[in-house]
Amino acid sequence: MHAFDPNDYRKRVLAAVERRGGIDHSDAFELYDIPLDDVGGLGDAEVRARIEEVWGFWQKQRDHPKYRVLAGLLVDEHAQLSAPLLDSGLRRIEAERVKHLRARRDSERYEMLDSAIERLVQRHGGIPAGKVPGLEDIGKLSGLDSAEVRARLRRHRVLDEAAAPAPARVSVQRRQQIRKLLAEYDRLLPGDPVPTLLALLGLDFTKARQSSEIHLRAEALRARTRELPPGRVRVVLDELLVHVSDLLEPGGSAIDAYLQAIVDDVTDLLRPKVRAAVLVEDRLVEGDHDFLIGEAITAGLDRPAAERVILALADELGTTVEGAEPPSGSARPEPVAPPISYTRTPAPDSTSRTNGPARKGADTTAGQSASASSRETSRADAGAGQAGSGGSGSGDRNSSDSGAAAGYRRSQPVPQTSAPSARPWEESLKAARAALRAGHPRAAAAHVAEAQRSVGGDSLGTTSVRPIAELVERVLAEAAVRWRGARSGCAAKRYVEALDHLEYLQRSASDVPNPETAGPTLDELTTRARTALAEADRMFEAAPAAPVADRMRALRAVFEVCADHADAAAALSVLPVDAPGQVTANRKPDGTVVIAWSPSTTEQAEYRVTRLQQDGSWRVVGRTRGTALEDGAAMVGPVPVYGVVASVSGRASEVTRSDGQARPQEATAAAPAEDPTPSGMPTVRDLAEHDGLLLFEWPTGITEVMVVARTDAPPADPDDTRADRKWKVTNTRYQIDGGAKLPLGLPRPCHLGVASCRREASGALTVAAGFAPGARIRLDR
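Just so we're clear, the structure is a prediction, and the values are computed from it rather than from any experiment.

Reading the values: rules and limits
- Residues numbered from 1 in each chain as written.
- Predicted model: local features only at pLDDT ≥ 70, side-chain atom pairs only at ≥ 80, totals over all residues.
- Heavy atoms only, no water.
- Helix = DSSP H or I, 4+ residues; strand = E, 2+ residues; numbered from the N terminus.
- Buried < 20%, exposed > 50% of the residue type's maximum accessible area, 1.4 Å probe, protein only.
- Contact = heavy atoms within 4.5 Å.
- Areas by Shrake-Rupley, 256 points an atom, 1.4 Å probe, with all protein chains shown as cover.
- Pairing = 2+ DSSP bridges.
- Salt bridge = Lys/Arg side-chain N within 4 Å of Asp/Glu carboxyl O.
- Axes fitted to C-alpha atoms, helices over the stretch in contact; angles between N-to-C directions.
- Parallel < 35°, antiparallel > 145°, perpendicular 65-115°, else oblique.
- Left-handed = near helix turned anticlockwise from the far one by under 90°.
- Nonpolar A, V, L, I, M, F, W, Y, C, P; charged D, E, K, R; others polar.
- pLDDT = per-residue confidence, 0-100.
- Core = buried A, V, L, I, M, F, W, Y, C linked by side-chain atoms within 4.5 Å.
- Disulfide = S-S within 2.5 Å.
- Phe/Tyr/Trp six-rings, centres within 6.5 Å; stacked < 30°, edge-to-face > 60°.
- Lys NZ or Arg CZ within 6 Å of the ring centre and 35° of its normal.

Quick word on the overall build of the protein
- A tally of helices and strands in the protein yields 28 helices and 22 strands.
- Buried positions account for 47% of the 781 residues belonging to the protein.
- Excluding contacts between residues fewer than 6 apart, the proportion of contacts in the protein whose partners are at least 24 apart in sequence is 67%.
- Accessible area of the protein: about 36400 Å², with a carbon and sulfur share of 52%.

Here we look at the sheet that holds strand β15 (residues 685–690)
- The strand order β15-β16-β19 describes an open sheet built from three strands, whose pairing is antiparallel. Edge strands, defined here as strands with exactly one partner in the open sheet, are β15 and β19 (740–741).
- Of the pairings in the sheet, the one linking β15 to strand β16 (residues 693–697) comprises four bridges and is antiparallel in character. Considered in β16, the bridge of Ala-688 is made with Leu-695.

Some thoughts on the pattern of salt bridges
- In this structure the tally under the stated criterion is 44 salt bridges.
- Across the pair Asp-288 and Arg-433 runs a salt bridge whose closest N-O atoms are separated by 2.3 Å. Pair noted here: Asp-288 is in helix α14 (residues 286–298) and Arg-433 is in helix α20 (residues 424–437), with a separation of 145 residues, a long-range link. Like Arg-433, Asp-288 is buried.
- Two residues, Arg-487 and Glu-516, come together in a salt bridge whose shortest N-O distance is 3.4 Å. Taken together, the residues Arg-487 in helix α22 (residues 459–491) and Glu-516 in the loop between α23 (495–508) and α24 (522–542) connect sequence positions 29 residues apart.
- Look at Arg-487 and you get partly exposed, because its relative accessible area is 21%.
- The partly exposed category is assigned to Glu-516, whose relative accessible area is 45%.
- It is possible to trace a salt-bridge network through shared partners that takes in Arg-175, Arg-179, Asp-265, Asp-268, Arg-271 and Glu-316.

Observations concerning the packing of helix α9 (residues 172–188) against helix α12 (residues 232–247)
- It is at 10 Å that the axes of α9 and α12 come closest, and there the two elements cross at 140 degrees. One way to sum up the angle between α9 and α12 is to call them oblique. Between α9 and α12 lies a crossing whose hand is left-handed. Contact with α9, carried on its side by Arg-174, Gln-177, Ile-178, Leu-181, Leu-182, Glu-184, Tyr-185 and Leu-188, involves Arg-232, Val-233, Val-236, Leu-237, Glu-239, Leu-240, Val-242, His-243, Asp-246 and Leu-247 of α12 and no other residues of that element.
- Among the residues forming the contact of α9 with α12, the class breakdown is 11 nonpolar, two polar and five charged.

A few points about the confidence of the model for the protein
- Looking at the protein, the pLDDT average stands at 77 and 82% of residues meet or exceed 70.
- Low pLDDT, under 50, characterises residues 326–421; the predicted model gives this stretch 167 contacts beyond four residues in sequence or across chains.
- Within the model, the stretch residues 664–673 combines pLDDT values under 50 with 24 contacts to residues more than four positions away or in other chains.

Structural notes on the nonpolar core
- Counting 52 residues, the largest nonpolar core has Leu-248, Leu-270 and Leu-301 as its most contacted members.
- Contributions of two or more residues to this core are made by α9, α10 (197–200), α11 (211–226), α12, α13 (252–278), α14 and α15 (303–316).
- In terms of residue count, α13 provides more of this core than any other element does, 10 residues in total.
- With 46 residues, the next largest nonpolar core counts Ala-532, Met-552, Ala-554 and Ala-568 among its residues.

Things to note about the pairing of strand β11 (residues 628–631)
- Where burial is concerned, the two faces of β11 differ: the one with Leu-629 and Asp-631 is buried and the one with Ala-628 and Glu-630 is not.
- Pairing of strand β8 (residues 593–597) with β11, which is carried by four bridges, proceeds in the antiparallel orientation. Paired with Val-594 across the bridge in β11 is Glu-630.

Overview of the state of the cysteines
- Across all of its chains, the model carries zero disulfides by this definition.
- Cysteine Cys-562 remains unbridged, with the sulfur of Cys-490 as its closest cysteine sulfur at 10.0 Å.

Regarding the environment of Pro-250
- By secondary structure assignment, the location of Pro-250 is in the loop between α12 and α13.
- Through-space distance from the C-alpha of Pro-250 to that of Ile-214 is 9.7 Å; in sequence the pair is 36 residues apart.
- With residues near it in sequence (within four places) discarded, Pro-250 still touches Val-244 and Ser-245.

Structural notes on unusual backbone geometry
- Even without glycine at this site, Lys-493 takes up a positive phi of about 65 degrees.
- Looking at where Lys-493 falls in the secondary structure, it is placed in the loop between α22 and α23.
- Assessed through its relative accessible area of 38%, Lys-493 is described here as partly exposed.
- In this model, Asp-686 sits at a positive phi of 60 degrees, which is unusual for a non-glycine residue.
- Take Asp-686: it is sitting in strand β15.

A short note on the packing of aromatic side chains
- Going through the model one piece at a time under the given rule, you end up with eight aromatic pairs.
- Where Tyr-9 meets Phe-57, the ring centres are 5.4 Å apart and the plane angle is 85 degrees; that geometry is what we call edge-to-face. A residue pair is termed long-range when its members are at least 10 positions apart, and Tyr-9 in helix α1 (residues 6–20) and Phe-57 in helix α3 (residues 44–60) qualify at 48 residues. For the pair shown, Tyr-9 and Phe-57 are each scored as buried.
- Here the aromatic rings of Phe-696 and Trp-698 are separated by 5.7 Å at their centres, their planes lie at 25 degrees, and the arrangement is stacked. A single burial state applies to Phe-696 and to Trp-698, both of which are buried.
- Taken together, the aromatic side chains of Phe-4, Tyr-9 and Phe-57 make up a single cluster linked through ring pairs.
- Lying over the aromatic face of Tyr-504, Arg-482 brings its terminal NZ or CZ to 4.3 Å of the ring centre.

Examining the sheet that holds β11
- On the basis of which strands lie adjacent, the open sheet formed by three strands has the order β7-β8-β11 and antiparallel pairing. With partners counted over all chains shown, the strands left at the sheet margins are β7 (583–587) and β11, one partner each. Across this sheet, the average inter-strand angle for adjacent strands is 20 degrees, counted without regard to direction.
- The pairing of β7 with β8 spans five bridges and is antiparallel. Pairing of Ala-585 across the sheet is with Ile-595, part of β8.

Okay, structure coming up:
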């Protein structure tokens, strides 16, 4: 049996179990990382040791930002999960059961792929090469990657055929940049989706050539953007307005190029979906056609353009659309559909926190620009209003409510009626898709069940219903995970975290009730979270600016209401901490040195005590919330010099020394003593630099690290006052970037130290007292 690797286990086991929907879709051997093939040769002692090792890892993961809910469930179920594995006889029986379970699960995963392969072999005598990407798309629906699909295809002959030419693309780099900016805009200011620059101005695809209206709305948005405080929202809007100025306002060929870019983006988005839909039957059935039209409209097209894109893709794939003719030289009549528009709707009452001046500014600007339907102007108003009422972080988080207060909502096109379907399951499948788009997966499940009953022996119906049924199952499984996260967040008063889960449930699973039948409903939990967050915002805004002690006390009170209030944590981190008073060091008869000091005037301070070594470096003795500490490691010789630092929520004071002197600069620059686990936290190891990234083995149970850079000498500790640069890196950002990005302006050569950090229950960040021996590196170039 291989050695247990925590990082590998997190990526290989926890990620897979989370993706499948939780521990109900796994087994004990996978969860405890015990290979089934090795069961016969393992003794009880080896298995027990592995179980204890994995159990300890689960306990450390209960504060992981992504897997905390799953880890909590695993710890709760540990006794039941491990019981069949501790005895050799029961373990063999359980292994046989799990083998059959995994075989059945694998057969279910490959069922849809095997059905498509069998049909293609019957029709073509093999697998046409052009169908392989489509088979990979079908495999993805069942959780199979490309390697697993191609391994399955080795059983059959692949027929060579000419590949279809790639469609022309317009300004790929700029399109990618615009998409990223629009996606970030949606994240910063949640609301109706903004897929295109036209939607940013409150216009749809049909009004792209109304140059005067575009210019008027762009000027109105620029005016509101200038009123925003400095921050990421303003930066994103400024960059988007540059693209508006270059692509929309000039009109003519510029707008033609951008409209073609939208069509190209939507075509790229829909191509794999169309390919998967027509793979088996070589035609696009009416239900899938309607669904894809809705996807194209959501991505920024109007209905006629969406129809043309779908028909062009069908023609590109050599297939037809049920009930429609492929595009030809003659003009095809376009279906009549009302354009996407923006209309004013009544504002919510209690959830909106936009103040009066922001609303007035929105109405005034809308009136002057003759564009009262612009949701983006109201979004900018929301950002400005939040800035006026207490901090940019809070404003960004609550901008969804602010946009609602401004009262603009996107009106959906009136759906066209169609003739009754010849297949009874198609209507149920349409209803299931509509329920999913409306955020009602339980209703969708009922429609899917009705469709499955109506399929009978229709192979097309079986193929069409299966992916929708699996999608409904995934949405319901995600809803269960979100409910667990929302309940745990509210229980711990982490209302910002809980609101993220609750808002997802309202958008995508509003008809899924609380699994705890006696617990509060979705609306009740959302109201509670928003009320607590509003009260925390009020307390934060009311916190006095001075004196420091009163402000610190008021900010700490905010955490009693909302434990993860970001603005309060940020404000608390910049408050100064007073140094301790006089420090004395006296030796007891047994040789132990007792260090005592007068307390800091800052309330609830924690004290870090260090000892001056003979080589001039400082070694951490310990931490305490009291005003005395014993040092048993200096039993002989003269009484050493000690330093005491007061810290509150990761912020440290100046050092007070027992000899009454300030810490010399050369002592600060000296290399610190090698403490393998500073502050008792797990540490990073195996540091290396590659292509502007700092690479290391991420410590178990740590969610953030502090990187400290210094050019003249190795940094003494994270509080080193002579450090040239300090920055934080989260484990999520590390995984996204493939390492810790080094700042562009970082001087070379330089010394780096990486300290582990721990997030307290109050939301404050506590940084380790020093660097481990393996947590340092010198960058020469």
